[in-house]
Amino acid sequence: MTTTCIRSAAWAACWDGARHVYRHDVDIAFTDDAIVHVGPGFAGDVDIEVDGRARFVMPGLIDIHSHPMTEPAQKGVREEHGVAAMYGSSLYERSVAFHLDEDGRRAGIEVAYAELLASGVTTLADLSSPFDGWLDFHAQSGMRVYAAPGYATALWRLENDQEILFDWNEGRGRQQFEAALKLIAEAENHPCGRLRGIVYPAQIETCSEDLLRDSIAAARDAARPFTTHIAQSVPEFLLITRKHGKTPIEYAAELGLLGPGTILGHAIFIDQHSWLHWSTRRDLGLIADSGSSVAHCPTPFSRYGQTLEDLGRYIRAGITMGIGTDCSPHNMLEEMRTAAILARVTAGDLETVSTADVFHAATVGGATALGRDDLGRLAPGAKADIVLVDLADVTMQPARDPLRSLIYTAAERAVRDVYIDGRQVVADGKVLTLDRADAAGRLAEAQARMLSATPQHDWQGRAAEEVSPLSLPVG
Ligand SMILES: [Zn+2]
């Protein structure tokens, strides 16, 4: 048994049983993987003392939606890539045109995990197509991981700019589903003890109804979280409404996919979204009444000119909101800033979302979505997933309100130390478990291979420079 005490923390965001509150001059002690004390004057035996006098201590952040294998290779490619006939979304064209090889995915995941750890993420939902050794990578990283191996009945195909076509293959979807369940069971039994799984049919429109029904049963039977991409684009909304006469959220409700344990990524294009001019106002209530959660990842959509249109509206409806990093950068603190600002801009109302709301979503909200009451909070009995922020860092000063300094200005630059399950994984801003610089080099080489192969995959046979031109002409 090892007990660590962060002594006399100048500021801490502590959980009082109902909400996060600031406290001054507190000791935070943890023995092995669990917090044993939050308050003044810890009197127990201590093996490791950490000076907290210039520190803001907060619970580790919980990221409930990410694609860390593939997204890092999209840096410089997707920020301004969109398709007008797809209402700005580049999702379908990008997914068809750009293929990252396995070495690239191995490099990408290491880059992304290093970014995530450095920005204070301690629990991650990793939505990916696995490679051999994926779970061992999770264990090596030190992250607390919800492994979500993806599968689908259909693959997207394009023959023009405006219509999504599907190559259906029920057998392939079934095979991937069975493999995913096997991998989830391996995660749950992994000796590191920090891995769990999420049942993850990739998209609402690419999976057959049978596969979706069996997926939700596999999740519910074993008390596992369930997630899928839903209401993430206008083309998807139009496709589902034409095919089923229901909004994607209504369709999910009809299939029995909603309920506690279900995480909807991203539930942006619900019936009342202004881009749809749909006449019903049922979707928010369906999500809220069912107890489902929403994974809110504002950055990629904002680059298309799209927003969730008021995060505050979802929170006031009673929906459990969590935050995710759906693209590069995998910077959870910047994602929280974007979530706050875009909600206010879209609502035209400063008060629609507070910093406390966003912090709650990125901690306890995410934990609730994953069915955990021992994560996302500094309280005795909670897991020792803890972030120390340097109040003396120039980006934090003046640190009148540490969360505001951290979220609106400093971000990861002020994150010094991160503990997960009581083990230190970031020390003085450096990730101890991964080699970010080496991975970044391998990623650059893999991106070059991905881009040179683009003409073989793009539906028009275009070069990468035509699909996604550089931001300035070369000349
Ligand atoms: Zn996603």
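Residues numbered from 1 in each chain as written. Predicted model: local features only at pLDDT ≥ 70, side-chain atom pairs only at ≥ 80, totals over all residues. Heavy atoms only, no water.

(A) Here's a closer look at the overall build of the protein. Tallying secondary structure elements over the protein gives 16 helices and 20 strands in all. Radius of gyration (C-alpha) of the protein: 22 Å, near the 23 Å computed for a compact globule of 475 residues. In terms of overall dimensions, the protein has a C-alpha envelope of 70 × 50 × 45 Å along the principal axes. The proportion of buried residues among the 475 residues of the protein is 60%. Here the analysis covers contacts within the protein between residues at least 6 apart in sequence; of these, 74% occur between residues at least 24 apart. Carbon and sulfur atoms form 49% of the exposed surface of the protein, whose accessible area is close to 18200 Å². For the protein, the centre of its 43 positive side-chain charges and the centre of its 65 negative side-chain charges are spaced 2 Å apart. (Helix = DSSP H or I, 4+ residues; strand = E, 2+ residues; numbered from the N terminus. Rg over C-alpha atoms; globule rule 2.2 N^0.38 Å. Buried < 20%, exposed > 50% of the residue type's maximum accessible area, 1.4 Å probe, protein only. Contact = heavy atoms within 4.5 Å. Areas by Shrake-Rupley, 256 points an atom, 1.4 Å probe, with all protein chains shown as cover. Lys, Arg positive; Asp, Glu negative; His and termini not counted. Charge placed at Lys NZ, Arg CZ, Asp CG, Glu CD.)

(B) Summary view of the nonpolar core. Counting residues in hydrophobic clusters, the biggest one holds 122 residues, and the most contacted among them are Phe56, Leu61, Met143, Ile249 and Met336. Once residues within four sequence positions are removed from consideration, Met143 is found in contact with Tyr113, Leu116, Leu117, Val121, Thr122, Thr123, Leu124, His138, Arg194 and Ile420. Within the second largest apolar cluster, 18 residues are counted, among which are Ile6, Val50, Val57 and Ala384. (Core = buried A, V, L, I, M, F, W, Y, C linked by side-chain atoms within 4.5 Å.)

(C) Seen up close, the state of the cysteines. Following the criterion strictly, the structure yields zero disulfides and no others. Note on Cys14: no disulfide assigned, nearest cysteine sulfur contributed by Cys5 at a separation of 13 Å. (Disulfide = S-S within 2.5 Å.)

(D) Seen up close, the packing of helix H2 (residues 102-118) against helix H14 (residues 436-452). Direction vectors running N to C along H2 and H14 enclose 135°, while the axes themselves pass 8 Å from each other. Comparing the axis directions of H2 and H14 gives the class oblique. Considering the relative orientation of H2 and H14, their crossing is left-handed. For the pair formed by H2 and H14, the contact residues are Asp103, Gly104, Arg106, Ala107, Gly108, Glu110, Val111, Ala114, Glu115 and Ala118 on the first element and Arg436, Ala439, Ala440, Arg442, Leu443, Ala446 and Arg449 on the second. Class assignment of the residues belonging to the contact of H2 with H14 gives a composition of eight nonpolar, two polar and seven charged. (Axes fitted to C-alpha atoms, helices over the stretch in contact; angles between N-to-C directions. Parallel < 35°, antiparallel > 145°, perpendicular 65-115°, else oblique. Left-handed = near helix turned anticlockwise from the far one by under 90°. Nonpolar A, V, L, I, M, F, W, Y, C, P; charged D, E, K, R; others polar.)

Honestly, it's all geometry; don't read function into it.
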